[in-house]
Amino acid sequence: MLDWITQHSDMLSLATNMTMVVIWLVYLQVFLAGFRRQTQPKIVINRAAGSGLDAACFVSNMSSDSIYLESVLTTVRAGRENWEQCVTDFEVIDERERPNDPRQRTHQGPLHPGDYTSIGSFQSLIERVTRTRKGPTPKDLLARDEPIEIEIMIIADHSSDDLLIGARRTFSIVRDDQGVTISPDTAHTRQIRSRRQRKAIQQIIMDQT
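The shown structure was predicted, so the numbers you read here are calculated from the model rather than taken from an experiment.

About the thresholds
- Residues numbered from 1 in each chain as written.
- Predicted model: local features only at pLDDT ≥ 70, side-chain atom pairs only at ≥ 80, totals over all residues.
- Heavy atoms only, no water.
- Helix = DSSP H or I, 4+ residues; strand = E, 2+ residues; numbered from the N terminus.
- Contact = heavy atoms within 4.5 Å.
- Buried < 20%, exposed > 50% of the residue type's maximum accessible area, 1.4 Å probe, protein only.
- 1 Å grid on protein atoms, 1.4 Å probe; cavity = no way out; pocket = protein on both sides within 12 Å on 5 of 7 lines; lining within 4 Å.
- Points joined across faces, edges and corners; volume = space filled by probe spheres on them.
- Nonpolar A, V, L, I, M, F, W, Y, C, P; charged D, E, K, R; others polar.
- Pairing = 2+ DSSP bridges.

Trainee: Please explain the environment of Leu141 as it appears in this structure.
Mentor: Within the secondary structure, Leu141 is located in helix α4 (residues 138–143). Along the chain, Leu141 and Ile126 lie 15 residues apart, while their C-alpha atoms are 9.6 Å from each other. Excluding residues within four positions of it along the chain, Leu141 makes contact with Val76, Ala78, Trp83, Ile126, Pro136, Ile148 and Arg175.

Encoded structure:
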């Protein structure tokens, strides 16, 4: 046995080195995958403080770094019709109530890791979109015998990324004898991470300017 090992020592040494290389490559892959998960941006869009139309829509930054919220895009769908509107800035009905501080007139701004902000109630979001786009009133909308959805898309800057990041979540308006309930269509917020999708939301920002 010792003679065989001596005769094949070079081959055994090469096999050992190759095995160590493979092990280190596996470790490196696991480390990089964990690092990417930790540094990937994550935005959460959720219903909070209720389950009806008066419930608030919260946007949370679950990334490891701060993000800068650039735009809030809301789409209301009823059957084959849809109405879309940017609701980043607050709507001021009475100019006398307009805050002097511009930071109090917009949702745009930084969100630190773990921070969240409310972009308003689902009722107010629907009212603003349908009124601006000359759609039906929320009352007329709810009277329709067809599915109704509201989609929230968040577009933001993250760290030193050249392209914008984003997230979207769709909520269905469920009507029954108990009243109206806002129900998310998916268990998690869908993150916009592919380069093609991020280029698309970059174009959305350009179209808004």
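Right, picking up where we left off after that structure.
Trainee: Would you mind going over helix α3 (residues 122–132) with me for this structure?
Mentor: It helps to recall that an α-helix has 3.6 residues per turn; residues three or four apart then point in one direction. Listed as buried for α3 are Phe122, Leu125, Ile126, Arg128, Val129 and Thr130. One or two steps after α3, the chain reaches Lys134, where phi turns positive at roughly 55°.

Trainee: Even after reading the chapter, I still don't get empty space enclosed by the protein, so can you show me in this structure?
Mentor: A probe as big as a water molecule, rolled over the atoms, marks out the empty space that is left. Here the structure, examined in full by the defined rule, presents 1 cavity of 30 Å³ or more. Volume-wise, the largest cavity comes out at about 40 Å³. As for the largest cavity, its lining consists of Leu53, Gln123, Ile126, Pro138, Leu141, Leu142 and Ile173. Secondary structure elements with two or more residues in the lining of the largest cavity: α3 and α4. For the lining of the largest cavity, the element with the highest residue contribution is α4, accounting for 3 residues. Along the lines of polarity and charge, the residues of the lining of the largest cavity split into 6 nonpolar, 1 polar and no charged.

Trainee: Would you take a moment to explain the pairing of strand β7 (residues 148–158) for this structure?
Mentor: It is a general feature of regular strands that their side chains alternate between the two faces of the sheet. In terms of burial, β7 is largely enclosed, as 9 of its 11 residues are buried. Bridging between strand β3 (residues 67–78) and β7 involves 11 bridges; their strand directions are antiparallel. Looking at β7, one finds that Leu73 is bridged to Met153. Relative to strand β8 (residues 165–176), β7 runs antiparallel, the two being bridged by 8 bridges.

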